[in-house]
Amino acid sequence: MAADVLTKSRKEQGTSGPTRRNPLRKPATWVAVLVFGFFFLNLAGVVGVPVADSFGTRWFTSWLPEGWTTRWYGEAWREFGLGQVFWTTALVSLLVVAISVVLGVPAAYALARRDFPGHRLVLLLFLLPILVPPLTYGIPLATVLYKFHLAGTLSGVVLANLVPSVPFVVLTMTPFIEQIDPRIEAAARMCGARTSSVLLRVLAPLLVPGILAASVLVLVRTVGMFELTFLTAGPDSQTLVVALYYAVFSAGIRTQQSIDAMAVMYTLSMLVLLVIALRFVNPTQLVTRVREERSRE
């Protein structure tokens, strides 16, 4: 008798309970599918067309090229002097990264550890080159560099890219420094360590992940920076993105497949850098760590 009552109550609960709806029947799900499908379809077209054209022999009215070849990559390498361009890009990027870290880490330490009048104003000044479009200050900056005969040289390109890179390092390193307990530095000073020893032997090993993250982000930003490099670069100081622009828009007749091959090489280099950046950098994790550290205090 009790078993029959229990079974009956379970059946009633099963029939009267809320029914589960299929997520595919919701209009919002179909809207999301259509939006993401349209986005990925456009992305596949933007990326796929240059890739297919860079490997195609002839491509006019058919859906795919008439044949496939890799000779356009060799012609692009020779025609546009990509060996020198890649070397210039790597040299500019490494110099910008090194100088930005040397200047930005001490500045970030001062902002994280010192409370002085105008602290927020200084932080705002560091934010401006990142928030403001590069062209707004790139043209006056290029005018100054031309006045001192630095524009058109490798030094001028490096100086121009340092303007947004140093603040970027400062804003990236400040949360890392805030996570370090100041009592560690106080203990080192009580043991007789000088300021230089504290920075090099105590803080530097703890800041290696932050320095690595800031360096990778600045490297990606410098390789992809077009406006400042375009305004200050010369024939022998062009990075890859500027050389690609000149290959597309400068006077003369050039094979479209060679230009697409150059664009594919630039895209692959940026993709590799972005993968490396995402491997070492997690911005949401940085924000979470800072919040946890402040809640503990």
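Just above, that's the structure.
Residues numbered from 1 in each chain as written. Predicted model: local features only at pLDDT ≥ 70, side-chain atom pairs only at ≥ 80, totals over all residues. Heavy atoms only, no water.

Visitor: Residue-level account of the overall build of the protein, with values.
Guide: Of regular secondary structure, the protein possesses 14 helices and 0 strands. Walking the protein from its N terminus toward its C terminus, one meets helices and strands in the order α-α-α-α-α-α-α-α-α-α-α-α-α-α. For the protein, buried positions account for 33% of its 297 residues. Summarising the internal contacts of the protein: among those between residues at least 6 apart in sequence, 72% fall at separations of at least 24. If you sum the accessible surface of the protein, you get close to 19000 Å²; carbon and sulfur atoms cover 68% of it. (Helix = DSSP H or I, 4+ residues; strand = E, 2+ residues; numbered from the N terminus. Buried < 20%, exposed > 50% of the residue type's maximum accessible area, 1.4 Å probe, protein only. Contact = heavy atoms within 4.5 Å. Areas by Shrake-Rupley, 256 points an atom, 1.4 Å probe, with all protein chains shown as cover.)

Visitor: Describe the packing of helix H7 (residues 154–179) against helix H10 (residues 208–224), and please don't skip the residues or the numbers.
Guide: Here H7 crosses H10 at 150 degrees, and the two axes come no closer than 9 Å. Comparing their axes, H10 and H7 come out roughly antiparallel. Here H7 and H10 pass one another in a crossing that is right-handed. Across the interface between the two elements, Asn 161, Pro 164, Ser 165, Phe 168, Val 169, Thr 172, Met 173 and Phe 176 of H7 pack against Pro 209, Gly 210, Ile 211, Ala 214, Leu 217, Val 218, Arg 221 and Thr 222 of H10. For the contact of H7 with H10, the per-class residue count stands at 10 nonpolar, 5 polar and 1 charged. (Axes fitted to C-alpha atoms, helices over the stretch in contact; angles between N-to-C directions. Parallel < 35°, antiparallel > 145°, perpendicular 65-115°, else oblique. Left-handed = near helix turned anticlockwise from the far one by under 90°. Nonpolar A, V, L, I, M, F, W, Y, C, P; charged D, E, K, R; others polar.)

Visitor: Which residues make up the packing of aromatic side chains, and what values go with them?
Guide: Applying the stated criterion to the full structure yields 9 aromatic pairs. With 5.2 Å between their ring centres and 75 degrees between their planes, Phe 230 and Tyr 245 make a pair best called edge-to-face. Placement of Phe 230 in helix H11 (residues 227–232) and of Tyr 245 in helix H12 (residues 240–249) is noted, with a sequence separation of 15 residues between them. Take Tyr 245: its relative accessible area is 31%, and that puts it in the partly exposed class. Connected via pairs of aromatic rings, a cluster forms that spans Phe 226, Phe 230, Tyr 245, Tyr 246 and Phe 249. If you follow Arg 71 out to its NZ or CZ, it ends over the ring of Trp 72, 3.9 Å from the centre. (Phe/Tyr/Trp six-rings, centres within 6.5 Å; stacked < 30°, edge-to-face > 60°. Lys NZ or Arg CZ within 6 Å of the ring centre and 35° of its normal.)

Visitor: Residues and numbers for unusual backbone geometry, please.
Guide: Residue His 149 is not a glycine yet carries a positive backbone phi of 60 degrees. In this fold, His 149 is placed in the loop between helix H6 (134–147) and H7. His 149 gets classed as exposed once you look at its relative accessible area, which sits at 68%.

Visitor: Lay out the side chain of Thr 172 in plain terms, naming residues and giving numbers.
Guide: As for its position among the elements, Thr 172 is in helix H7. The class for Thr 172 is buried, based on a relative accessible area of 10%. From its side chain, Thr 172 meets the backbone oxygen of Phe 168 in a polar contact 2.7 Å long. The residues touching Thr 172, leaving out its near neighbours within four places in the chain, are Ala 214 and Leu 217. (Polar contact = N/O pair within 3.5 Å; in protein donor to acceptor, adjacent residues only side chain to side chain.)

Visitor: Outline the pattern of salt bridges, listing residues and values.
Guide: A complete count under the given rule lists 4 salt bridges for this structure. The salt bridge involving Asp 181 is made with Arg 183; its shortest N-O contact spans 2.6 Å. On the basis of relative accessibility, which here comes to 63%, the residue Arg 183 falls in the exposed class. The partner of Glu 185 in a salt bridge is Arg 189, with the nearest N and O atoms 3.8 Å apart. (Salt bridge = Lys/Arg side-chain N within 4 Å of Asp/Glu carboxyl O.)

Visitor: Report on the nonpolar core, specifying residues and quantitative values.
Guide: Soluble globular proteins tend to bury their nonpolar side chains together. In terms of nonpolar packing, the biggest core is built from 26 residues, with Val 96, Val 170, Met 173, Ile 177, Leu 207 and Val 218 touching the most fellow members. Only helix H4 (82–113), H7 and H10 provide two or more residues apiece to this core. The dominant element in this core, judged by the number of residues it contributes, is H7, at 10 residues. Once residues lying within four places of it in the same chain are set aside, the contact partners of Val 170 are Gly 104, Ala 107, Ala 108, Leu 111 and Phe 126. Within the second largest apolar cluster, 24 residues are counted, among which are Ala 247, Ala 261, Met 265 and Tyr 266. (Core = buried A, V, L, I, M, F, W, Y, C linked by side-chain atoms within 4.5 Å.)

Visitor: Pulling in residues and values, what's your account of the environment of Gly 210?
Guide: Tracing the chain through its elements places Gly 210 in helix H10. A C-alpha to C-alpha distance of 8.5 Å links Gly 210 and Ile 177, two positions 33 residues apart in sequence. In this view, Gly 210 contacts Met 173 and Phe 176; residues no more than four positions away in its chain are not counted.

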